[in-house]
Amino acid sequence: MKFNINDTVRAKLTDYGTQYYTLFHRTLGVSVPAAIKSVEMPLWELMQIFGPTLHMGMRELPFVDNEVEIVRWKPGRPSKGTWLPLPSSCQSKARPARRKGAS
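Residues numbered from 1 in each chain as written. Predicted model: local features only at pLDDT ≥ 70, side-chain atom pairs only at ≥ 80, totals over all residues. Heavy atoms only, no water.

## Regarding the overall build of the chain
In step 1: Secondary structure summary: the chain contains 2 helices and 3 strands in total.
In step 2: Starting at the N terminus and ending at the C terminus, the chain contains elements arranged as β-α-β-α-β.
In step 3: Considering the chain as a whole, with its 103 residues, one finds that 26% of them fall into the buried category.
In step 4: The long-range fraction of contacts in the chain, counting pairs at least 24 apart against all pairs at least 6 apart in sequence, stands at 83%. (Helix = DSSP H or I, 4+ residues; strand = E, 2+ residues; numbered from the N terminus. Buried < 20%, exposed > 50% of the residue type's maximum accessible area, 1.4 Å probe, protein only. Contact = heavy atoms within 4.5 Å.)

## Section: the packing of helix 1 (residues 15-27) against helix 2 (residues 43-50)
The geometry of a pair of packed helices is captured by two quantities: the angle between their axes and the separation between those axes.
In step 1: Contact geometry of helix 1 with helix 2 gives a least axis separation of 10 Å together with a crossing angle of 90°. Here helix 1 is positioned roughly perpendicular relative to helix 2, judged by the angle of their axes. Here helix 1 contributes Gly17, Tyr20, Tyr21, Phe24 and His25 to the contact with helix 2, which in turn contributes Gln48, Ile49 and Phe50.
In step 2: Residue composition of the contact of helix 1 with helix 2, grouped by class: 5 nonpolar, 3 polar and no charged. (Axes fitted to C-alpha atoms, helices over the stretch in contact; angles between N-to-C directions. Parallel < 35°, antiparallel > 145°, perpendicular 65-115°, else oblique. Nonpolar A, V, L, I, M, F, W, Y, C, P; charged D, E, K, R; others polar.)

## So, the pairing of strand 2 (residues 38-42)
In step 1: Judged by how many residues are buried, strand 2 sits mostly within the fold: 4 of 5 residues are covered.
In step 2: Examined bridge by bridge, strand 1 (residues 8-12) and strand 2 share 5 bridges and lie antiparallel to one another. Counterpart to Val9 in the pairing with strand 2 is Met41. (Pairing = 2+ DSSP bridges.)

## A short note on helix 1
Three- or four-residue spacings in an α-helix give side chains the same orientation, since the helix completes a turn every 3.6 residues.
In step 1: For helix 1, which comprises 13 residues, the first-to-last C-alpha distance of 18 Å matches the rise-based estimate of 18 Å (1.5 Å per residue) to within 8%.
In step 2: Looking at the buried positions of helix 1, the neighbouring elements they touch are strand 2 and helix 2.
In step 3: Backbone geometry just after helix 1 places Gly29 at a positive phi near 80°. (Expected span 1.5 Å × (residues − 1).)

## Quick look at the nonpolar core
The tendency in soluble globular proteins is for nonpolar side chains to be buried side by side.
In step 1: Formed by 14 residues in total, the largest nonpolar core has its most connected members in Leu13, Tyr21, Val39, Met41, Leu46, Phe50 and Phe63.
In step 2: Of all the elements in the fold, those that place two or more residues in this core are strand 1, helix 1, strand 2 and helix 2.
In step 3: Among the elements that line this core, the one with the most residues is helix 2, at 4 residues.
In step 4: Leaving out residues up to four positions away in the same chain, Leu13 has contacts with Thr18, Tyr21, Lys37, Ser38, Val39, Phe50, Pro62, Phe63 and Val64. (Core = buried A, V, L, I, M, F, W, Y, C linked by side-chain atoms within 4.5 Å.)

All we've got here are geometric facts, nothing functional implied.
This is how it looks when you write it as structure tokens:
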């Protein structure tokens, strides 16, 4: 089966997953409802948020039964993701001007 990382996925969050999701957004200065129990967003966003928690031998699971459901993207349906701009500290800085003769 093929799917695109822009396709929407859905996951039920464990208590740890809810805490991590809230902490992630808090570091960006964005509030999140405390009672959030599931998320639906593009796969790339799920990987961006929960990637640091996913590794071999992980003791805390962010998703119930360690499952993520693929919800196919449909043209015309807006994403229900929580896309947020990167904080200014993460945005790339303007490149310095090149010196003459530098390749």
